[in-house]
Structure formats: structure tokens, C-alpha cells
Amino acid sequence: MPTAPHAGRDVATLSADELAEVVRFHDLAYWRDDAALIPDQVYDQLVERLRSLAPSHPVLDQIGGGNLGAGDKVAHLVPMLSLGKCYSEAELKHWARELEGGLVASPKVDGAACSVRYDKTGRFALAATRGDGRRGESIGHNVAAIPNVPSQLPPHLIGGAEVEVRGEVYLPLSAFAAVSELFANPRNVAAGALKAKESGGVPAAELRFFAYDLMGVEVASEQDKAQLLTELGFDPAPTWPCDADSAQQVYDDFSARRASEDYETDGVVYKIDDIATQQRLGATGHHPRWAIAYKFQGDSGESTLEQVEWSLARTGTITPVAILAPVLLSGATVTRATLHNLSNLERLDLKLGDRLQLTRRGGVIPHVEGNLGGGDAPVVPPSACPSCGGPVLTRVSTRRVAGEDVETRTLHCAQPGDCPTVLRGQLFHYTRVLEIDGFGDKILEQLLDRGIVQDAAGLYGLSRERLLELERMGVKLADKLVANVRARRDIPLATFLRALGIETLGRHASELLASRWTLDELRQVTKDEVAALHSLGEITAERIVDGLAEQAPLIDRLLVHVTPTRSEAVEVDGGVLAGQVVVFTGKLEQLNRRDAQQLVVRLGGQAGSSVTQDTTLVVVGGDGLDAASPSSKLKKARKLQEQGHALVLEREADFLGRLGDAARP
Ligand code: IVH
């Protein structure tokens, strides 16, 4: 057993630094090794004595898991087990019949298991991977950035207990879409982003946490647990009550629905609802006896490539789609599979007539896994847009994956502003994003076919007379439609941006841009300025800037009728932090990191996630400026200062003090 520093000496004779060594030693023994060597009260007394000797000693900021570094091993308090599995109704019933009591079912989310621990005051202490089930890796630095993992639990709900929440971290499919050609599946991306030690890949802010277990607070049933998790600020896994007889129905219902969820699932988990019964049943070394996973079958199969179709999306991207001889996969006939982009097509070296290996990703999306060959007719990419016949352009983007540059080439209609398919898709998208009531697909199709409306801007010119030309249109409905469009003239800028239908300009990016710039400014920003915004990568930034330029004619036409308004009152030009690129490091005492970054943006600055040559201000949490072992960001900042960069280091308290009232929400 390791010995504590200064063992055998009277605590009263220790200096502050000596005492800090002792505290740090016991803190790691407790949080990292799960091997407390002294009773809690004794530890608390040591901390209190240190606090009275040196109230701002850096070790005090780091206790409660804060002494852990990325990748440090963390002992799980209770092993993180696996689940028993079954593949048929018969096996499921056999399991359920052996046990008594009601069941709850929940989706088995395909991500990475994660344990999150909070200290007695409800403060986020650490997060760890499953690892080998007994010890995982510390990933608190990344988990803290996941938007639906609370940094503080309401203390009155945990009654002074240390709490652990377990769940699955996953990358929503909507976020995976942007990187799908680079990674085999969202699970790998989530696992990589959790362990990442530096920024560059998919940011942890894109990940989500699906909470399925809670320890430290007593609850009577799984249903109560889900309720309490919600009150604590988590998004718990949905729980569907059922019993042995209705369990198959739950599985069938969810199988039919799972394709429309924003996460991948590989089965349904069934648990005994009553926690006392769970405890009585216990676990094997591998899995609890009170739970089972009923897995979806992910069939694989083969088929022949008959044709490659070039499909034009609303965004102007031309995507190759494999047209296949029909094949039955996981219970459905598959005749098409996306080939994503030119690079993927070349990587597979596809020829018409080839035999292809297919799966359904997550049991849902048909995917070409490999090429067995046999074909001979070449696949020729189009030289003209399949819709408007106009020119086609190839975009090349490079992304660093696992230390290597991966190039992706994609095809695009070069004149999306004049392409009927793009305009049609955009019009549909615009009415949906703006929630303009009454404009279903049928009405929009007729408006386009009759040439009454060419694009979203045309909606604002609609009159009762023109609408009456449509089938089954009455005066009342026509007036209502005109009024509905009129009502959507003042539009929050973020909504306006999203409504433009630019590929990478989804909800998150639109809100970020709108909180930083006016529309006029946005039409002139550079790729680098956008990329400097926290959590937007370079490729996204480039597509946004290009997309805004391509949509310039549509934006001009829309601006005749609509007024985009800034989402929040943002002081940009006059903002105290205008022109500053601010990075936070160390444990912030008064703000959580996200609030801190939002504050910077609100005051006209830019929030960066790492220290670079563009950084102008590094705000250091707690007493980190004096810490014996400075954070890597702080080291980098000092190095840049030595090299003559105009970079300022400031303590969190000084920074907030300087901002005064401006820092208050
Ligand atoms: S309950 C003993 N519920 O699946 C673990 N697990 O293959 C009790 N998982 O390690 C877990 N969704 O990481 C539970 N709704 C859900 C889940 C779920 C995904 C993961 C979990 C577990 C793995 C086992």
C-alpha cells in the first residue's frame, strides 16, 4: 500500500504546501483509485485546515477529481458490466418467465458507455470510460463539454450524497451526417471524441448523453429513476413499462420506429422495474441477471451494381447512389444505397456489374461495405447537372483523421441559384423552417409547376387571385395563406440563415453565426473568421462561406420582403471584448465553460477552444496562474508571450471584475 507523504507527522506541524501534498495524495486515492486510506471526516478536516492556512492554494481547486489528468485510470466504484443478449422472442420470454415482476424496456443506444460522478455538493467531479469494466480512463475534460451533462446537480435532490450517473454517449445521426464519409459509424466517432486529448476532431460539444443508471440516491423503481434523472437535469433513456407477454410488442414497435430516431440503436434493453428485486437477483461476473438486451439482427448480403444514379440534393450536392438488384436485408428489400461521394466511389473501384457486399448500418441504412468485383463497365461521373444541365464543379476538402489527411471529393451543381431542383428543395425547406402554415407539398408543387412561384422569395408576392388558379383553392384558404406568409416577414436571423438550406448551416451553426454577426457582416466574413468560432471546424466554415456566396441572389430577393432580426441584443462593435480571441483554462470558479464562452461572444469577442497565434486573452480559472504545474494551454500562452505575441493572461476573478455589470446575464 502506498504511504501518504509526511506520514507519522502531526498535522498541526505541516506547512501549507506539505499539507497540500497530503490532501492531493488522499484525493487521488479516493477518486482515482477508489481506495480511500482515511475516513471521510479525517479527509474533510485536512481540507479545512489547508483552507484556513492557504485559502487560495491551487490544490483546493483541484480536489474532487480535479487532480485527474486526461487518460488517467479511474477505478469504478461498482464494476461496469455488460448485458446478457438474446435474439428471439422465445429466448426473451424464457428469461422473463424465470423472473417475477414488471419490466421496463428502453432503446439500446449504440455509443460509448460512460460514468459521470458528482461530489457531495452536486458538483461535477469526474467522468470515465467503461475500460475493462473495473477501471476506465478519465475523460472529464471532454464529458464536461457535452451539452446535456449537467455541471452541477441541484443539491437538495441528492441530499449530500456522492452521485454517479451512467449512460451512453453517442453522436446524433444528424451530426454524423457531416462526417459520415470519413468514419465507419457514429460509435467510433463518439469514442474518439471522448478520449481526444486535443481539439481538431469532432468536438465533444456535438455529443449527447443518454442516462440509464443512477447510483448514490435511493429509488424504488426504474421508472422513478428516470423521473429523478430528469429532475437532476439529464436526458434519461425512454422507459416503456411492459411484461413478459407484451415485451415482443415493444420490440416490434420500436424496430419499426428506430429509423426515425436521431441515434443508432442495436437492440432493446429489458430490465426488472423493481430495484429491490434487482438487488436480490444480483449479477454474474459479466452481466446483471435482472436485465437483458434483445438485439436487432444486422444482416449482411450481396447484390449486383446495376447502375449509378447521380442524385441532386436541395443543397446542390450531387451524390452517387448505387442502384442494386433487389436483395432482402434485415427484413426489407434493398434496391439503393448511397455511395456518399466521388472519393468513396473511387475507393471502392466500382464498375457496373460488380458484386457488392452490403449491410444495413445500425440495421437501417443500406451501406456498401466492399466490392467483390466482376463488373466491367466504367462508372462515369456526370459532366452536367442532372437537373438543370448546367456545369458541375468538384470540391475537395481535407480533414485530419487519426493523424492522416483524408481527402474527400464531392460534386456540385455550379449554378444552384438557377437550378430548378435546388430551388424546389429550398422552397420546401424554407416553408418548413419558417413554419409557414398551410403550404403542404401539394400546394408548393402546383405553385412551382404553374410558374406562379420560382423560389422562396416568390411566396411573398402571392396574391389571392394567383392562388385561386390552383386546384381546390377557395377564397378563404387563399386569404389565409397570404396572411400566413405576411406574418413571417420579421424573422430571427438564426432562423433566416437555417432557412436558406445551406448544407452545413443547421440549427447550431446558424445560432452561433447569428449571435456574432449581422447579416450584412456575415455576407463578408471570411472562412478563417468563421472557423475561429468555437466548435465550427474548417470544412464547415468553408461550406458556410461558399454557401452564403452562392445564395447571394436568393438572399437579395428575400431581403426585399423580409427583415432578419438579431436573435439577441448583442453588443458587437461596441462590445467590451470586440476584437479579442479569448481562451479559458483551468477550473473556472464562477462560470461554467459554456456560459463563459457565450459571455465572450455576447460581448463581441470570439471564444477559442485552444491557444493559437490568434489568441489575445487567456483567462485562467482559480489560482491556476500560480500553479506549480500549469495547464498545457497556459504553458503555450507563456511560450507565445516569450516569442513576442501580444497575448494577455488574466485571472478569472480579475476578468469578471473588469467586465463588471456587462458579465451579468
Ligand atoms: S442498462 C449492466 N440501458 O449497452 C449494464 N445499457 O452491451 C446495465 N447500453 O454497457 C446497462 N443503451 O453501455 C442499459 N438503455 C440502455 C442502454 C445500455 C445502451 C449499453 C451499456 C452497456 C452495454 C451492454
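Fair warning: this is a prediction, and the values are worked out from it, not measured in the lab. (Residues numbered from 1 in each chain as written. Predicted model: local features only at pLDDT ≥ 70, side-chain atom pairs only at ≥ 80, totals over all residues. Heavy atoms only, no water.)

### Looking at the site of the ligand
In plain terms, the rule: Each residue is tested against the molecule or strand, and it is near if at least one of its non-hydrogen atoms lies within 4 Å. By the criterion applied in these results, polar contacts are pairs of N or O atoms within 3.5 Å in which, for protein atoms, one can donate a hydrogen and the other can accept it, and in which residues neighboring in sequence qualify only through two side-chain atoms. The Shrake-Rupley method, run with a 1.4 Å probe, gives the accessible areas here. Residue values count only the displayed protein chains as cover. Going along the chain from the N terminus, every DSSP run of H or I of four or more residues is numbered as a helix, and every run of E of two or more is numbered as a strand.
Of all residues adjacent to the ligand, which total 13 residues, the nearest are Ser106, Pro107, Lys108, Glu168 and Tyr212. One of the backbone N or O atoms of Pro107 is found 2.9 Å from a nitrogen atom in the ligand. In the model, a nitrogen atom of the ligand is placed 3.1 Å from a nitrogen or oxygen of the Val109 main chain. Isolated, the ligand exposes 520 Å² of accessible area, and the fraction of that covered by the protein chains is 89%. Looking at the shell around the ligand, the elements that each hand over two or more residues are β3 (103–109) and β10 (265–272).

### Some thoughts on the environment of Ala204
Applied cut-off: The contact definition used throughout considers only heavy atoms, calling two residues in contact when any of these lie within 4.5 Å.
Within the secondary structure, Ala204 sits in the loop between α8 (186–195) and β8 (208–215). When the C-alpha positions of Ala204 and Ser180 are compared, they lie 16 Å apart, and in sequence the two are 24 residues distant. The residues touching Ala204, leaving out its near neighbours within four places in the chain, are Asn142, Ala145, Ile146 and Pro147.

### Some details on the pairing of strand β13 (residues 317–329)
Worth spelling out the cut-off: Only protein chains enter the accessibility calculation, which uses a 1.4 Å probe. A residue is then buried if its area is under 20% of the maximum for its type, exposed if over 50%, and partly exposed in between. We call two strands paired when DSSP finds no fewer than two bridges between them.
Counting buried positions along β13 yields 11 of 13 residues, so the element is predominantly enclosed. As defined by bridge partners, strand β12 (residues 300–312) adjoins β13 across 7 bridges and the pair is classed as antiparallel. Residue pairing across strands places Leu305 opposite Leu324, the latter belonging to β13. Between β12 and β13, which follow one another and run antiparallel, lie 4 residues, and Gly316 among them has a positive phi close to 95 degrees. Summarising the sheet, β13 and strand β14 (residues 332–338) pair through 6 bridges and their orientation is antiparallel. Note that in β14 the partner of Ala322 across the bridge is Ala337.

### Comments concerning a negative patch on the surface
We apply this condition: Residues form patches when they are more than 30% accessible in relative terms and have no salt bridge. Like charges link within 9 Å. Nonpolar side chains (Val, Leu, Ile, Met, Phe, Trp, Tyr) link within 5 Å. Any carboxyl oxygen of Asp or Glu that lies within 4 Å of a side-chain nitrogen of Lys or Arg is treated as forming a salt bridge with it. Counted as positive: Lys and Arg. Counted as negative: Asp and Glu. His and the chain ends are not counted at all. In this description, the location of a charge corresponds to atom NZ of lysine, CZ of arginine, CG of aspartate or CD of glutamate.
A grouping of Asp528, Glu529, Glu538, Glu542 and Asp614 is seen on the molecular surface, where their side chains present a negatively charged patch. Among the secondary structure elements, those contributing two or more residues to the negative patch are α20 (527–531) and α21 (538–550). Mapping Glu538 onto the fold places it in helix α21.

### Some remarks on the sheet that holds strand β24 (residues 606–607)
Note the threshold: To obtain each axis, a line is fitted to C-alpha atoms, and for helices this fit is confined to the stretch in contact; angles are then taken between N-to-C directions over 0 to 180 degrees.
Across the sheet, 4 strands lie side by side as β24-β23-β25-β26; this open sheet has parallel pairing. The open sheet has two edge strands with one neighbour each: β24 and β26 (648–651). Relative to β24, strand β23 (residues 581–585) is paired through 2 bridges, and the arrangement is parallel. Across the sheet, residue Val581 finds its bridge partner in β24, namely Gln606. Sitting on the sheet, helix α24 (residues 632–642) touches β23, β25 (617–620) and β26, and the angle it makes with β26 is about 140 degrees.

### Describing unusual backbone geometry
With a phi close to 70 degrees, His340 is a non-glycine residue in the positive phi region. With respect to the helices and strands, His340 occurs in the loop between β14 and α12 (342–348). Residue classification places His340 among the partly exposed positions, given a relative accessible area of 22%.

### Points about the sheet that holds strand β2 (residues 84–86)
With respect to topology, 5 strands assemble into an open sheet ordered β2-β11-β10-β3-β9, the strand pairing being mixed. With one partner strand each, in any of the chains shown, β2 and β9 (240–242) form the two edges of the open sheet. Between one strand and the next, the sheet's axes are offset by a mean angle of 35 degrees, whatever the strand orientation. Running at roughly 175 degrees to strand β11 (residues 291–295), helix α4 (residues 89–98) makes contact with β2, β3, β10 and β11 of the sheet. Across the sheet, helix α10 (residues 247–257) touches β3, β9, β10 and β11, and the angle it forms with β10 is around 155 degrees.

### So, the pairing of strand β7 (residues 163–170)
Counting buried positions over the 8 residues of β7 gives 8, a clear majority of the element. In the sheet, strand β4 (residues 112–118) pairs with β7 via 7 bridges, with the strands oriented antiparallel. Its bridge partner lying in β7, Val116 is registered against Val165. As paired elements, β7 and β8 share 7 bridges and run antiparallel to each other. Residue Val165 lies in a different strand from β8, and its bridge partner there is Leu214.

### Some details on the pattern of salt bridges
Per the counting criterion, the structure on display carries 29 salt bridges. Between Lys120 and Asp44 there is a salt bridge, and its shortest N-O distance comes to 3.3 Å. In this pair, Lys120 is assigned in the loop between β4 and β5 (124–129) and Asp44 in helix α2 (residues 40–53), connecting sequence segments 76 residues apart. Exposure remark for Lys120: the relative accessible area of 37% places this residue in the partly exposed category. Judged by relative accessible area, Asp44 falls into the partly exposed class, the value being 33%. With a shortest N-O distance of 3.0 Å, Glu309 and Arg336 are connected by a salt bridge. A residue pair is termed long-range when its members are at least 10 positions apart, and Glu309 in strand β12 and Arg336 in strand β14 qualify at 27 residues. According to the relative accessible area criterion, Glu309 is partly exposed, its value standing at 33%. Judged by relative accessible area, Arg336 falls into the partly exposed class, the value being 38%. One connected set of salt bridges, linked through shared partners, spans Lys108, Asp266 and Lys295.

### Considerations on the nonpolar core
Let me state the cut-off plainly: For the purposes of this section, nonpolar cores are sets of buried Ala, Val, Leu, Ile, Met, Phe, Trp, Tyr and Cys residues that join through side-chain atoms within 4.5 Å.
Core analysis: the largest hydrophobic core is formed by 51 residues, its most contacted members being Tyr430, Phe439, Leu447, Leu459, Leu497 and Leu558. Per element, the largest residue contribution to this core is 5 residues, and it comes from helix α17 (residues 493–499). When near neighbours in sequence (up to four residues on either side) are disregarded, Leu497 contacts Leu505, Ser510, Leu513, Ala514, Leu519, Leu522 and Leu548. Tyr118, Val149, Ala211 and Val217 belong to the second largest nonpolar core, which has 37 residues in total.

### Quick notes on the packing of aromatic side chains
We apply this condition: Stacked, tilted and edge-to-face pairs are distinguished by plane angle, under 30 degrees for stacked and over 60 for edge-to-face with tilted covering the rest, among Phe, Tyr and Trp rings (Trp via its six-membered ring) whose centres lie within 6.5 Å.
Counting across every chain of the model gives 13 aromatic pairs. Aromatic pair Tyr430 and Tyr460: ring centres 6.5 Å apart, planes at 80 degrees, arrangement edge-to-face. Of this pair, Tyr430 sits in helix α13 (residues 420–433) while Tyr460 sits in the loop between α14 (441–449) and α15 (464–467), and the two are 30 residues apart along the sequence. Both residues of the pair, Tyr430 and Tyr460, count as buried. Relative to Phe655, the ring of Phe584 has its centre 5.9 Å away and its plane inclined at 75 degrees; by these criteria the two rings are edge-to-face. With Phe584 in strand β23 and Phe655 in helix α25 (residues 652–659), this pair connects stretches of sequence that are 71 residues apart. Phe655 shares its class with Phe584; the two are buried. Connected via pairs of aromatic rings, a cluster forms that spans Trp240, Tyr251, Phe254, Tyr294 and Phe296.

By themselves, these observations are geometric and do not establish any function.
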